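Topology and contacts: notes
In case you want the letters, here they are:
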Amino acid sequence: RVFLDHNATTPLRPAARAAMLDVLAASGNASSVHADGRAARGVVEAARTAVARLVGAPSAAIVFTSGATEANALVLHPDLEIAGQNQACDVLVTSAVEHPSVLRGHRFPIAQVESIPVDADGRLVLDALEQVLAGHAAAGRRALVSLMLANNETGVIQPVTAASALAHAHGAVMHCDAVQAPGRMSLDMATLGVDFLTISSHKIGGPQGAGALVAAHPHSRPRVPLIAGGGQERGLRAGTENVAAIAGFGAAAVICAAQGGEEAGRLRGLRDRLEKEIVERFQGSQVAGAGVERLPNTTSVIFAGLKAETLVIALDLAHVSVSAGSACSSGKVGPSHVLAAMGVGDAAAGGAIRLSLGWSSCDEDVDVAIAALGRVVPRLLNRPVRAA
Ligand code: PLP
C-alpha cells in the first residue's frame, strides 16, 4: 500500500519502535523510588531532553501529555504563569483555520474567544490581529494568542514570529500549535518568540498517545491542571506516565532534530512532482494555498466536479491512502472549515483531498499515486484525462 496521509499520523519509525519495545519489557513506574522506577524515570527524562532539543527549549519546561489535543487544552486556559509571574488572560485570540483541538478544546468561556480571518491563501491577516490586540490592550484586557505554525490540511505556514512580536508588543501571551512542523521545517522556540508550543509524537514518527506542551521559560506554565491527581508532569497532567509512548516520542524527536534541511528537501522534491503531475493532468484541479509558503510534504488539491469522499474511497481501493480535507474531521459531513475560511465555496471545497508525505515516502509511492489518480479520476468524472 502507498500511505500518503502523514499529516493524519505517521508510520512508527523503527528506532521509536525499538525504544518502546525496550520499555515494554521492563516494569517500572516512573514515580517509584526503586531501581525499576528509577530506570523508567530515566527513560522519561531522556525523552524530555530529546523533545526539548527538537524545539530549542529548556527540558524543565516540558509537560508530557497524551497528545497535542491535551497539550492545547492544558495551555488554552485564562490562568497562566509567565516567567514566574501570574498573568490572567481575559480573551483567547486565535485564527479561523486552527485545528479543532484549539477551536473547540480550549478552556475559555465561549464569549471570550475571538477568531482572526485568513486571506485567500490561508495566511493570517496580521493587520486584523494587530487591530484586535490593540483594542484589547487599550481596554486593559490581556489576550492569549494561539496561532498554528503550519496548517494540517493545506500545509500553509503562518507568520508566527511576526504574530508573537505583535502579541508581546500588546502585553499578550503567545502560544503556537506546531504539531505539523517538526522534521518538515525549521523549528526553534526562540526564533518563533512564543511563550508556549504544542507538539505531538505521532506526527513525527513516534507512537500515537504522546505529546508535549513546551514552555519557553522553566517558570512559565498553565496554573490550572488538565488532570489533577498524583502530581505527575509538574502537577499539570496527573496519571502514571505512558513510559513506552514517551520513549518512542523521544526516539523520534532525536531523529527529527538530527535531520536538518535535507529531509525537507527530499519531501519537497516528491511533493512537487506529485503536485505538478496532478495539476497538469487533471483539468480544473487547483492547489489550495499554492501562492504562499507551505510545508514541503503537503498538498491539498481541489478536484473540480468530484466528491472528495468518493475519490478517497476509490484511491483506497487502488491501495493509496489519502484524506478528504483533515483526517481529524473526516467522518463528519460538511466542507473543511480551513478551505471555507480561505473563501473556497462549498462545492469546490467538497472536492478537496489532502496528500501528505513523510519519512517512509519514496519515488515509487508518487508513481503509484499518480497512476492510481490517472485511472480513478477520469472514471469518476466519466471523461477522458489529458495525456501526460
Ligand atoms: N493540532 C494539529 C495542527 C493537528 O494536525 C493535530 C492532529 O491532527 C492535533 C493538533 C491533535 O494532535 P493529537 O492527535 O496528538 O491530539
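Because the structure is a prediction, the values reported are computed rather than measured. Every residue gets a number counted from 1 within its own chain, in the order that chain's sequence is written. pLDDT decides what is reported in this predicted model: residues at 70 or higher carry local features, side-chain atom pairs at 80 or more are listed and counted, and totals for whole chains, interfaces and linings draw on all residues regardless. Only hydrogens and water are set aside; all other atoms, that is, all heavy atoms of the structure, feed into the side-chain values.

**Observations regarding the site of the ligand**
Put simply, the rule reads: By convention in these notes, a residue is near a molecule or strand provided one of its non-hydrogen atoms lies within 4 Å of it. We define a polar contact as two N or O atoms separated by no more than 3.5 Å, with the added condition that, inside protein, one atom must be a possible hydrogen donor and the other a possible acceptor, whereas residues neighbouring each other in sequence contribute only through side-chain atom pairs. Only the protein chains shown count as covering a residue, and every accessible area follows the Shrake-Rupley method with a 1.4 Å probe. Here the nonpolar group is Ala, Val, Leu, Ile, Met, Phe, Trp, Tyr, Cys and Pro; Asp, Glu, Lys and Arg are the charged ones; every other residue, Gly included, is treated as polar.
The ligand sits among 14 residues. The nearest are T69, D177, S200, H202 and K203. In this structure, a nitrogen atom belonging to the ligand sits 2.6 Å away from a side-chain N or O atom of D177. Burial of the ligand by the protein amounts to 91% of the accessible area it has alone, namely 390 Å². A per-class count over the shell around the ligand returns four nonpolar, eight polar and two charged.

**Overview of the pairing of strand β13 (residues 298–302)**
We apply this condition: Here's how the labels work: a residue is buried when its accessible area is under 20% of the maximum for its type, exposed when over 50%, partly exposed in between, all with a 1.4 Å probe on protein chains only. Numbered from the N terminus, helices here are DSSP runs of H or I no shorter than four residues, and strands are runs of E no shorter than two. A pair of strands is labelled paired if DSSP reports no fewer than 2 bridges between them.
Of all five residues that make up β13, five are buried, and the element is covered over most of its length. Because side chains alternate across β13, one face comprises the buried residues T298, S300 and I302, and the other comprises T299 and V301, equally buried. Here strand β12 (residues 286–287) pairs with β13 via two bridges, running antiparallel. Opposite Q286, over in β13, you have I302 as the bridge partner.

**Observations concerning the pattern of salt bridges**
Close approach of charged atoms allows side chains with opposite charge to pair. Put simply, the rule is: By convention in these notes, a salt bridge is any Lys or Arg side-chain nitrogen within 4 Å of a carboxyl oxygen on Asp or Glu.
Taken as a whole, this structure holds 15 salt bridges when the rule is applied. Between R294 and E275 there is a salt bridge; the shortest N-O distance is 3.0 Å. With R294 in the loop between β12 and β13 and E275 in helix α9 (residues 262–281), this pair connects stretches of sequence that are 19 residues apart. Each of the two residues, R294 as well as E275, counts as buried. When salt bridges with common partners are traced through the structure, they connect R41, E45, R48, E233 and E241 into a single cluster.

**A closer look at helix α2 (residues 35–55)**
To keep things clear, this is the line we draw: To estimate how far a helix should reach, multiply one less than its number of residues by 1.5 Å. What makes two residues a contact is simply this: any of their non-hydrogen atoms within 4.5 Å.
Taking 1.5 Å per residue as the helical rise, α2 with its 21 residues ought to reach 30 Å, and the 31 Å between its terminal C-alpha atoms agrees with that figure. Residues of α2 that are buried include every one of G37, A40, V44, A47, R48, A50, V51, A52, L54 and V55, and no others. In this structure, the buried residues of α2 make contact with β2 (62–65), α7 (189–192), β9 (196–200), β10 (211–215) and α8 (243–259). Note on α2: the residue one or two positions beyond its end, G56, has a positive phi of about 70 degrees.

**Some remarks on the packing of aromatic side chains**
Which entries qualify depends on this criterion: Stacked, tilted and edge-to-face are the three classes applied to pairs of Phe, Tyr and Trp rings, where Trp contributes its six-membered ring and a pair requires centres within 6.5 Å; stacked means planes under 30 degrees apart, edge-to-face means over 60, and tilted covers the rest.
Scanning the entire structure with this criterion turns up two aromatic pairs. With a centroid separation of 6.0 Å and an interplanar angle of 65 degrees, the aromatic rings of F64 and F249 are classed as edge-to-face. Separated by 185 residues along the polypeptide, F64 in strand β2 and F249 in helix α8 bring together distant segments of the chain. By relative accessible area, F64 is classed as buried at 3%. A residue is classified by how much of its surface remains accessible, and F249, at 0% relative accessible area, is buried.

**Concerning the sheet that holds strand β15 (residues 323–324)**
For the record, the criterion: Comment: axis = line fitted to C-alpha atoms, over the contacting stretch for helices; angle = value between 0 and 180 degrees taken between N-to-C directions.
Reading across the sheet, the four strands line up as β12-β13-β16-β15 and stay open at both edges, with antiparallel pairing between neighbours. Strands at the two margins of the open sheet, each flanked by one partner only, are β12 and β15. Against the sheet, α9 contacts β12, β13 and β16 (352–356), and its axis sits at roughly 10 degrees relative to β13. Contacts from helix α10 (residues 308–317) reach β15 and β16, with the element oriented near 40 degrees to β16.

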